Amino acid sequence: MMHIKEEAAKCLLCADAPCSKACKHGNPARAIRAIRFDNEWLASRWVAECTDEELEAAEKACIHYDRPIRIKELLRSVRCDSVATDDSAPSLAIDFCGIHCENPFFLASSAVCTNYEMVARAFDAGWAGVFYKTICMEEIREVSPRFDAVQQEGSSDFYAFRNMEQLSENPVEMDFDILHRLKQNYPSKVVVASIMGQTEEQWIQLAKMAEAAGVDAVELNFSCPQMRMAGMGSDVGQNPELVLFYTAFVKRCVSIPVIPKMTPNITHITEPTMSAFFAGADAISAINTIKSVTMGDRARVSGHKTISGLSGRAVRPIALRHILEIAQTPMTRSASKLDESQNDVYGKGLEISGIGGIETWRDALEFIQLGCRNVQVCTAVMQYGYRIIDDLILGMQHYLAERGIASLESLVGEELPNFVTPTDLDRETIVYPKIDRDKCIGCGRCYVSCMDGGHQAITFNTEESLPSSGEVGRGLRQPRVVGTKCVGCHLCRLVCPTGAIGVAKRINKK
């Protein structure tokens with residue numbers, strides 16, 4: 001049987017896809033994209049009217065550099081949609097800092113939103129809002145090239161992305177005019193001005209200009225990791241005192257919500273978060289990119305390299321760690337859900353906008369379940385375009401419908417009670433891995449990993465074993481878990497390529 005995800009991952013996600021142009025009654029490219037972005041169950045709707053002949057023609061039209069995607073076999077293998085996602089689909093509307101958002105998906109302040117035309121196309125596609133690329137008073141002169149990626153050789157897909165880009169290169173007046181026109185022409189969308197000053201006067205002036213432009217909120221960029229001027233970007237975010245002062249300055253001079261953006265390049269992200277809270281901030285954006293180094297030649301600028309910011313799916317677990325730490329602090333709105341008495345001391349608390357490696361609706365869900373009320377996306381848009389909003393929305397709606405949840409609000413922070421300290425984890429029981437013989441193909445990956453990286457608790461037959469008296473031979477290339485050695489670490493489950501290793505019932509340790 002075809003490995004659906006593996007085959008779909010080979011698709012180049014072409015613009016104006018030739019395969020779909022060859023198919024009169026469907027859109028195979030859209031169906032494959034649904035599989036790529038965790039909406040496998042929705043894929044069939046785009047090829048429901050297609051004949052086998054049409055899918056064969058689509059496959060012949062595929063321009064993959066290696067071999068055509070097996071379109072017919074792939075799309076005939078997906079399961080049908082079990083839950084309708086049409087006009088009756090659950091609403092994804094949610095409020096953020098008192099601002100109504102039609103869904104939780106925003107563009108992050110970055111290269112994906114640098115002018116009016118870009119943001120307008122994103123809004124038309126379905127994005128709920130934008131944190132516009134950071135505006136500053138300084139002259140911005142960018143390097144070339146400015147991007148690098150960490151990826152498997154021979155693949156255009158990357159799991160980490162490094163950039164040396166700074167802030168908006170537009171004149172300040174031009175950017176605020178763009179924001180003004182966006183808000184005028186898209187009144188139902190959320191427009192947030194991201195700003196960065198170097199002095200108290202600059203922070204105040206930029207914030208006032210943002211409010212005068214009619215934006216919904218202002219984000220304070222305390223976190224850009226590659227500013228060439230001292231006292232800006234992450235230099236501020238690493239200094240709780242500066243976060244306190246600059247946030248307070250801005251908060252006193254504007255009436256719109258103020259949202260400091262936190263840097264992950266710090267040991268305790270809760271310290272600047274607390275400063276932002278006591279300065280009167282309304283919410284927190286987290287995280288910006290992580291300081292990093294890549295060694296390839298693509299990172300050279302006139303023969304030299306530098307430290308700069310890393311983003312993409314590889315940073316998501318780190319971003320989630322920072323979100324969790326922020327959400328667990330008593331001054332956040334998420335923490336008040338865990339302890340209603342917090343409301344008496346901290347009021348409604350800070351809200352959270354989550355950033356970091358979000359590509360699919362499942363990624364976004366993780367941030368929301370840890371307390372975020374919206375998420376910001378950058379690197380995935382740079383790879384795949386604004387079009388991914390379709391799968392973000394459909395996937396989240398489908399998830400709500402499957403769980404019978406009417407409001408996205410119900411998901412905010414729902415996983416927080418499940419997080420405890422290592423001291424509080426259960427250390428008295430064990431759950432053993434369990435091998436499904438129907439799925440096991442006998443590759444032996446579990447055996448190799450357990451022998452060299454685990455507890456030598458898996459045996460593997462490479463020759464037919466002879467049966468003992470009253471026993472049936474175990475067969476060729478069959479792994480077996482040795483219960484007396486297994487410690488329940490589940491490394492074997494992680495390396496199994498076919499998902500043949502599941503779990504047995506949890507029991508007490510002997």
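Computed from a predicted model, the values in this text were never measured in an experiment. (Residues numbered from 1 in each chain as written. Predicted model: local features only at pLDDT ≥ 70, side-chain atom pairs only at ≥ 80, totals over all residues. Heavy atoms only, no water.)

1. Here we look at the pattern of salt bridges
Two side chains bearing opposite charge may form a pair once their charged atoms approach each other closely.
Turning to step 1, where the next piece is worked out: Going through the model one piece at a time under the given rule, you end up with 29 salt bridges.
Turning to step 2, where the next piece is worked out: R313 serves as the salt-bridge partner of E359, at 3.2 Å between the closest nitrogen and oxygen. Note that E359 is positioned in the loop between strand 13 (351-355) and helix 15 (361-369) and R313 in the loop between strand 12 (308-311) and helix 12 (316-327), a separation of 46 residues in sequence.
Turning to step 3, where the next piece is worked out: Given a relative accessible area of 10%, E359 falls into the buried group.
Turning to step 4, where the next piece is worked out: A relative accessible area of 26% means that R313 is categorised as partly exposed.
Turning to step 5, where the next piece is worked out: Between R321 and E325 there is a salt bridge, with the nearest N and O atoms lying 3.2 Å from each other. With R321 and E325 both in helix 12 and four residues apart, the pair spans about one turn of that helix. (Salt bridge = Lys/Arg side-chain N within 4 Å of Asp/Glu carboxyl O. Helix = DSSP H or I, 4+ residues; strand = E, 2+ residues; numbered from the N terminus. Buried < 20%, exposed > 50% of the residue type's maximum accessible area, 1.4 Å probe, protein only.)

2. Observations concerning empty space enclosed by the protein
Turning to step 1, where the next piece is worked out: Tallied over the entire structure, the rule returns four cavities of 30 Å³ or more.
Turning to step 2, where the next piece is worked out: Space inside the largest cavity adds up to approximately 420 Å³.
Turning to step 3, where the next piece is worked out: Forming the boundary of the largest cavity are 34 residues, of which S109, S110, N288, T289 and C378 lie nearest the centre.
Turning to step 4, where the next piece is worked out: Put simply, the parts of the chain that give the lining of the largest cavity at least two residues each are strand 4 (129-136), strand 6 (158-163), strand 12, strand 14 (374-377) and helix 16 (379-384).
Turning to step 5, where the next piece is worked out: The leading source of residues in the lining of the largest cavity is helix 16, at three residues.
Turning to step 6, where the next piece is worked out: Broken down by class, the residue content of the lining of the largest cavity amounts to 16 nonpolar, 15 polar and three charged.
Turning to step 7, where the next piece is worked out: Taken as a whole, the second largest cavity spans an internal volume of roughly 100 Å³.
Turning to step 8, where the next piece is worked out: As for the second largest cavity, its lining consists of 13 residues, and the residues nearest its centre are C450, A457, C486, C489 and C492.
Turning to step 9, where the next piece is worked out: A per-class count over the lining of the second largest cavity returns 10 nonpolar, three polar and no charged. (1 Å grid on protein atoms, 1.4 Å probe; cavity = no way out; pocket = protein on both sides within 12 Å on 5 of 7 lines; lining within 4 Å. Points joined across faces, edges and corners; volume = space filled by probe spheres on them. Nonpolar A, V, L, I, M, F, W, Y, C, P; charged D, E, K, R; others polar.)

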